[in-house]
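Chain by chain, the residues:
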Amino acid sequence: MSTPTGPEPSGREPSAPGPSGPPGPDAGVRRRRLIAALLTLVLVVGVAVAALVFNRPASTSTSAAAQTVQPTETPTPTPSETPTPEPTPAPPPPPEPIPELAPGDMNILIIGSDSRGNAREQAAQTLATGESQDHRSDALMVVHVPADHRTIQVVSIMRDLWVNIPGYGASKINTGLQVGGIPMTVRTVESLMGTHIDHTVMLDFGGFRALTDALGGIDVDVPIPFQASFETHHVFNQGLNHLDGQAALEFVRERYSFVDGDYQRVRNQQTFLRALLAKLTSGGHLNDPNVVRSLVALSGPWLTVDQGFDAMTVAILAYGMRGLDYNASTFVTLPTAGVGTIGGASVVLPDYGRIAGVAAALREGRLAQYAAANGL
């Protein structure tokens, strides 16, 4: 019996003749059934082998399929020593506590210098040589911290208030910084209000910008919309404005855009101070000694303070006021008797009677009641 060399043109394999002649009509059917049975057997065996291999534990030998893909036996790597885990670092020690603020009240004079240079160096030069310097106090605020440290009372002083400067004579109060530095400014305010100043803080334009930017800007609720008349001519919309250092400086310095000029500028300075206090006291930041120290270190390069008001003293004060309610604090402007002209200069005239009333109320801790009763 010869072996067929390939399929016939029809695609069907030729049938081998049987011993008794041509095959019957069911011979092809029997062959197809036999092939189907063999294929079924191969399929069942394959499934069984696959199930055995893939359900075998991972520690058993590699499957035949894997061996086919990787015919070259890979050398077994030499097991390495398990590295010793590094010890868990000890938690950082708790922050060193900040001492509590001593009982009693205090008065702090805040001076905003209009220096375009370095107010600290200029003040030091005046103190060392007695020479006048080209800067004046653009802002003056007496901040009274009551004994309970829960609120503050702020009295703003108009920069053009015509007063007597001890050892110099009658002039605008902002001249004191120019001719006698911080000490003469302190003596002038003490003489005017009959109030002792315990500490001083001075900040110039550059420091004000830098400190505001370092704090990430301040959200200020602008009461009257306006456009600044200088530098970038920043536009301030009524309502909440996020101010960077430059915009904040234009906000607290502007006066020409307002009908009452310097009076609104003073109110804007108070508005900014409120916003600053809101940011510093929000979220309980002053409850964390580390945050307080960071704030003091942050402000250090730009603030000029008196010798008794070092970094630790400032930290003690800030930490001692962690319970401050700025909404319950009082902000007033020292009473005036209107404006006038002296020696060709526009000045603000003091109302000494009402100034004495404000000073007494401040000393006695009843400034809020006095301000409400007198429309301040």
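Residues numbered from 1 in each chain as written. Predicted model: local features only at pLDDT ≥ 70, side-chain atom pairs only at ≥ 80, totals over all residues. Heavy atoms only, no water.

Undergrad: Help me understand the sheet that holds strand 1 (residues 106-113), please; the structure alone is not making it clear to me.
TA: Backbone-to-backbone hydrogen bonds join strands into a sheet, with any given pair of strands oriented parallel or antiparallel. Pairing in this open sheet of 6 strands is mixed, and the strands run 11-6-1-2-3-12 from one edge to the other. Looking at which strands have only one partner, the edges of the open sheet turn out to be strand 11 (304-305) and strand 12 (330-333). Helix-sheet contacts for helix 4 (residues 175-193) involve strand 1, strand 2 (137-145), strand 3 (153-157), strand 6 (199-203) and strand 11, and the interaxial angle to strand 1 is about 140°. (Pairing = 2+ DSSP bridges. Helix = DSSP H or I, 4+ residues; strand = E, 2+ residues; numbered from the N terminus. Contact = heavy atoms within 4.5 Å. Axes fitted to C-alpha atoms, helices over the stretch in contact; angles between N-to-C directions.)

Undergrad: What is the right way to look at empty space enclosed by the protein in this model?
TA: Where empty space is left can be seen by rolling a probe of water-molecule size over the atoms. Tallying each qualifying case throughout the model produces 2 cavities of 30 Å³ or more. By volume, the largest cavity amounts to about 1,200 Å³. Forming the walls of the largest cavity are 44 residues, and the residues nearest its centre are Ile110, Val201, Leu273, Leu276 and Leu280. Breaking the lining of the largest cavity down by element, the ones donating at least two residues are strand 1, strand 2, strand 6, helix 5 (205-214), helix 6 (245-253), helix 7 (262-281), helix 8 (289-299) and helix 9 (311-320). With 7 residues, the single largest contributor to the lining of the largest cavity is helix 7. Looking at the lining of the largest cavity residue by residue, the class counts come to 35 nonpolar, 6 polar and 3 charged. Here the second largest cavity is characterised by a volume of approximately 40 Å³. Lining the second largest cavity are Asp138, Ala139, Leu140, Ile157, Arg159, Asp262, Arg265, Val266 and Gln269. Looking at the lining of the second largest cavity, the elements with two or more residues in it are strand 2 and helix 7. Of all the elements, helix 7 adds the most residues to the lining of the second largest cavity, at 4 residues. Within the lining of the second largest cavity, the residues separate by chemical class into 4 nonpolar, 1 polar and 4 charged. (1 Å grid on protein atoms, 1.4 Å probe; cavity = no way out; pocket = protein on both sides within 12 Å on 5 of 7 lines; lining within 4 Å. Points joined across faces, edges and corners; volume = space filled by probe spheres on them. Nonpolar A, V, L, I, M, F, W, Y, C, P; charged D, E, K, R; others polar.)

Undergrad: Quick question: what am I supposed to make of the layout of surface pockets here?
TA: The volume enclosed by the second largest pocket comes to roughly 280 Å³. Broken down by secondary-structure element, the contributors of at least two residues to the lining of the second largest pocket are helix 7 and strand 14 (345-350). Broken down by element, the residue count for the lining of the second largest pocket peaks at 3 residues, all from strand 14. Grouping the amino acids of the lining of the second largest pocket by side-chain chemistry returns 7 nonpolar, 3 polar and 7 charged.

Undergrad: I tried to follow helix 6 on my own but got confused; where do I start?
TA: Note that an α-helix has 3.6 residues per turn; residues three or four places apart therefore point the same way. By the criterion of burial, helix 6 is predominantly enclosed, with 8 of the 9 residues buried. Of all the positions in helix 6, only Gly245, Ala247, Ala248, Leu249, Glu250, Phe251, Val252 and Arg253 are classed as buried. (Buried < 20%, exposed > 50% of the residue type's maximum accessible area, 1.4 Å probe, protein only.)

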